[in-house]
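For reference, the chains in residue letters:
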Amino acid sequence: DHQMYGENVKFNMTTTPPPPIVFEQSFSLYPAHSAKEMENLLHLVRNIVPPLTPEKYKGQDGKIGVIGGCQEYTGAPYFAAIAALKVGADLAHVFCTKDAAPVIKSYSPELIVHPVLDHPSAVEEVENWLPRLHSLVVGPGLGREDAILKHAKGILEKAIMKGIPIVIDADGLWLIAQQPFIIQGYRKAILTPNMVEFNRLYEAVIQNPVDSSDHHGCVLRLSQAMGNLTVVQKGEQDLISDGEKVLVCSHEGSRRRCGGQGDLLSGSLGVFAHWAFLAGPEKTNSASPSLVAAFGACSLTRQCNNQAFQKYGRSTTTTDMISEIGTAFTKLFES
């Protein structure tokens, strides 16, 4: 039901949408006051987490693909892919440019690295792997070279045709701001912009500046204009909307703003998205799988940041935060 590629899209926002339904959940480990609809949301996240059993085989809990990695940016795809593994995916693939591949390989033997993103047949190369992947994370370390962005667009189109959940971050969002029709209406897509990326995307789609007095409404309207795909606006509070409601993640995270934290979020969200769509409506109580997945990834990322900051303070880096994924996951979803 998503917009066909190449069609001219006209965004009509002349009709004023109703005020957004806002649910706020403080992600502490203590009881928090919230609307009735939100009281069971962490429980819903726990419901989608697959149990670890002896009968499982490699790949069953998630095979995640990361599209990104170029000469300038090799850390971002590594952070996203290793976060996916730490959350519980079994395999993580990175599809990057040729010169980025040896560097990313050197970071960890855990990752499967494909040096294809700058090859003329990049789209076909990645398409061959799509039947074996459960979700895609597009954008970490992608860069803005025209040829690479063209390949990323082609990969997105192929993934949409196959119905694969997609998380779009960083320079993937730059691409979407230039050509929103690529992803418009695809309900298995989740966008994760920071404030700067959100403003750029909002102005491109809505064709008006962001109303700084109504952040909740702006997130809601952007989601609606993009066909009700899920938008996660990262910030002091994370605002999550599917165009019908707005969730607010206000769990205390880190006071550090070092690079890489968004990659931790996008990589973990790729896993949660796979789990949520696989679990089905009976496990999510008919709630949007993308909302449940985003809720889980935001809460986990903030808990990791908080734990790392308690140990390292001002010197905290994303590597420290990734080391906290295991204990943070247990506290939130398995305790």
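Our subject is the structure that appears above.
Residues numbered from 1 in each chain as written. Predicted model: local features only at pLDDT ≥ 70, side-chain atom pairs only at ≥ 80, totals over all residues. Heavy atoms only, no water.

Chemist: Give a detailed account of helix α1 (residues 41-48), specifying residues and quantitative values.
Modeler: Count 3.6 residues to each turn of an α-helix, and residues three or four apart come out pointing the same way. Three or more residues of α1 are buried, namely Leu41, Leu42, Leu44, Val45 and Ile48. Along the axis of α1, the buried residues cluster in a sector spanning 155°; they form a single face. Considering only its buried residues, α1 is in contact with β10 (245-249), α9 (261-279), α10 (281-284), α11 (289-312) and α13 (325-334). (Buried < 20%, exposed > 50% of the residue type's maximum accessible area, 1.4 Å probe, protein only. Helix = DSSP H or I, 4+ residues; strand = E, 2+ residues; numbered from the N terminus. Arc of directions from axis to C-beta. Contact = heavy atoms within 4.5 Å.)

Chemist: So what's going on with the pattern of salt bridges? Residues and values would help.
Modeler: Summed over all chains, the structure comprises seven salt bridges. A salt bridge links Asp169 to Lys234; its shortest N-O distance comes to 3.2 Å. One end of the pair, Asp169, is in the loop between β6 (166-168) and α6 (171-178); the other, Lys234, is in the loop between β8 (230-233) and β9 (238-241), and 65 residues separate them in sequence. Considered together, Asp169 and Lys234 belong to a single accessibility category, that of buried residues. The partner of Arg302 in a salt bridge is Asp238, with the nearest N and O atoms 2.8 Å apart. One end of the pair, Arg302, is in helix α11; the other, Asp238, is in strand β9, and 64 residues separate them in sequence. Classification of Asp238 as buried rests on a relative accessible area of 6%. (Salt bridge = Lys/Arg side-chain N within 4 Å of Asp/Glu carboxyl O.)

Chemist: Tell me about α13, and name the residues and values.
Modeler: Turning to α13, its buried residues number three or more, namely Ile325, Ala328, Phe329, Leu332 and Phe333. Seen end-on, α13 carries its buried residues on one side only, within an arc spanning 100°. On the buried face of α13, the contacting elements are α1, α2 (75-87), α9, α11 and α12 (318-323).

Chemist: Outline unusual backbone geometry, listing residues and values.
Modeler: The phi torsion of most residues other than glycine is negative, and most of the peptide bonds are trans. A positive phi angle, near 55°, is found at Ala170, a position not held by glycine. Look at Asn285: it is not a glycine, yet its phi comes out positive at around 55°. Within the secondary structure, Asn285 sits in the loop between α10 and α11. According to the relative accessible area criterion, Asn285 is exposed, its value standing at 59%.

Chemist: If you had to explain the nonpolar core to someone new, which residues and values would you point to?
Modeler: Counting 60 residues, the largest nonpolar core has Leu111, Phe272 and Leu300 as its most contacted members. The element best represented in this core is α11, accounting for 10 residues. Excluding its chain neighbours within four sequence positions, the residues that come into contact with Leu300 are Val87, Ser268, Phe272, Ile325, Ala328, Phe329, Leu332 and Phe333. One finds Phe95, Ile148, Phe181 and Leu222 within the second-largest nonpolar core, a separate group that totals 46 residues. (Core = buried A, V, L, I, M, F, W, Y, C linked by side-chain atoms within 4.5 Å.)

Chemist: Could you give me a rundown of the pairing of strand β2 (residues 63-67), with the residues and numbers involved?
Modeler: Most of β2 sits inside the fold, with four of its five residues counted as buried. Bridging between β2 and strand β3 (residues 91-96) involves five bridges; their strand directions are parallel. The residue bridging Ile64 from the neighbouring strand is Ala92, located in β3. (Pairing = 2+ DSSP bridges.)

Chemist: An account of the packing of aromatic side chains is needed here, citing residue identities and associated values.
Modeler: Across all of its chains, the model carries eight aromatic pairs by this definition. Residues Tyr78 and Phe79 carry aromatic rings whose centres are separated by 5.6 Å and whose planes lie at 50° to one another, so their mutual orientation is tilted. Taking the relative accessible area as the measure of exposure, Tyr78 reaches 18% and is therefore buried. Owing to a relative accessible area of 15%, Phe79 belongs among the buried residues under this scheme. Pairwise contacts between aromatic rings join Phe272, Trp275, Phe329 and Phe333 into one cluster. Lying across the ring of Trp174, Arg144 places its NZ or CZ 3.8 Å from the centre. Positioned over the ring face of Phe277 is Lys188, at 5.3 Å from the centre of the ring. (Phe/Tyr/Trp six-rings, centres within 6.5 Å; stacked < 30°, edge-to-face > 60°. Lys NZ or Arg CZ within 6 Å of the ring centre and 35° of its normal.)

The analysis is restricted to geometry; functional conclusions fall outside its scope.
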